[in-house]
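# Architecture and fold: a report
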Amino acid sequence: MIRLHFQPIQGKALDILDTIIRHEEVASADDPCRKLYVVVEEIVLNIIDYSNSDYLDVEIMRDEKSITLRFHDGGKPFNPLEKEEPDFTLPLEDREIGGLGIFMVIKYMDSVTYEHSGGENILTVVKNIKM
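Presented here is an overview of the structure given in this document.

### Notes on the overall build of the chain
The number of helices and strands found in the chain is four helices and five strands. Reading the helices (α) and strands (β) of the chain from amino to carboxyl end gives β-α-α-α-β-β-α-β-β. Split into buried and exposed, the 131 residues of the chain put 41% on the buried side. Here the contacts in the chain between residues at least 6 apart in sequence split such that 61% fall between residues at least 24 apart.

### Thoughts on the sheet that holds strand β5 (residues 120–128)
Sheet architecture is open: five strands sit in the order β1-β2-β3-β5-β4, paired in antiparallel fashion. Across the chains shown, the open sheet's two edge strands, defined by having one partner strand only, are β1 (2–6) and β4 (111–117). Sheet twist, expressed as the mean angle between neighbouring strand axes with direction ignored, is 15°. In this sheet, β5 lies alongside strand β3 (residues 66–73) in antiparallel orientation, the contact comprising eight bridges. Opposite Ile67, over in β5, you have Lys127 as the bridge partner. Here helix α1 (residues 13–22) sits on the sheet and contacts β1, β2 (56–62) and β3; the angle it forms with β1, its principal contact strand, is near 170°. Set on the sheet, helix α3 (residues 35–51) makes contact with β2, β3 and β5; between it and β3 the angle comes to about 5°.

### Section: the pattern of salt bridges
Summed over the entire model, instances satisfying the criterion amount to six salt bridges. Bridged by salt links that share partners, the residues Arg3, Asp57, Glu59 and Arg70 form one connected network.

### Here's the deal with the environment of Phe6
Mapped onto the fold, Phe6 is located in strand β1. When the C-alpha positions of Phe6 and Thr19 are compared, they lie 9.9 Å apart, and in sequence the two are 13 residues distant. Beyond its immediate sequence surroundings of up to four residues, Phe6 is in contact with Ile16, Thr19, Ile20, Asp54, Tyr55, Leu56, Asp57 and Val58.

### Points about the side chain of Thr68
Relative to the elements of secondary structure, Thr68 occurs in strand β3. When near neighbours in sequence (up to four residues on either side) are disregarded, Thr68 contacts Glu59, Ile60, Met61, Thr124, Val125 and Val126.

### Concerning α1
Inspection of α1 places Ala13, Ile16, Leu17, Ile20 and Ile21 among the buried residues, and these make up the whole buried set. Within α1, the buried residues cover an arc of 120° as seen down the axis, which keeps them to one side. Of the exposed residues in α1, the ones pointing more than 90 degrees away from its buried face are Leu14 and Arg22.

### Some remarks on α3
Here α3 contains 17 residues, and its C-alpha end-to-end distance of 23 Å stays within 8% of the 24 Å for a straight helix at 1.5 Å per residue. All of the buried residues along α3 are Leu36, Val39, Val40, Ile43, Val44, Ile47, Ile48 and Ser51. Looking straight down α3, one finds its buried side chains confined to an arc of 150°; they lie on one side.

### Looking at the side chain of His72
Looking at where His72 falls in the secondary structure, it is placed in strand β3. On the accessibility criterion, His72 (6% relative accessible area) is buried. Excluding residues that lie within four positions of it along the chain, His72 makes contacts with Arg3, Tyr55, Leu56, Asp57, Glu59, Glu120, Asn121 and Ile122.

Cut-offs used in this document
Residues numbered from 1 in each chain as written. Predicted model: local features only at pLDDT ≥ 70, side-chain atom pairs only at ≥ 80, totals over all residues. Heavy atoms only, no water. Helix = DSSP H or I, 4+ residues; strand = E, 2+ residues; numbered from the N terminus. Buried < 20%, exposed > 50% of the residue type's maximum accessible area, 1.4 Å probe, protein only. Contact = heavy atoms within 4.5 Å. Pairing = 2+ DSSP bridges. Axes fitted to C-alpha atoms, helices over the stretch in contact; angles between N-to-C directions. Salt bridge = Lys/Arg side-chain N within 4 Å of Asp/Glu carboxyl O. Arc of directions from axis to C-beta. Expected span 1.5 Å × (residues − 1).

Below is the structure:
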């Protein structure tokens, strides 16, 4: 397991994202559609923009069948899995802003779980990978 530590500061999102995505365990995953990039970007930006946390820790676990990313932050409790799915039947101008990102996270990953423990938000995403 690899554990990366960041300060989630406005203006540093691209550096954080780049560090995670370029890490050998993530970069070597077979992801032709770059779904992991979209997922990591969505989660990192949401933590930076909304959590008010002074840290972001990312655990990376990889085996021959899957890659797991576990995001820890000390921000206000927020379970993104409780957010309602966007209503795609509505015209664009009638849709509420927000919610599409977490929808993509859930659709792109094979498993997404959330817990709040020890004062931390812990969001875990798992993607099955090809051998």
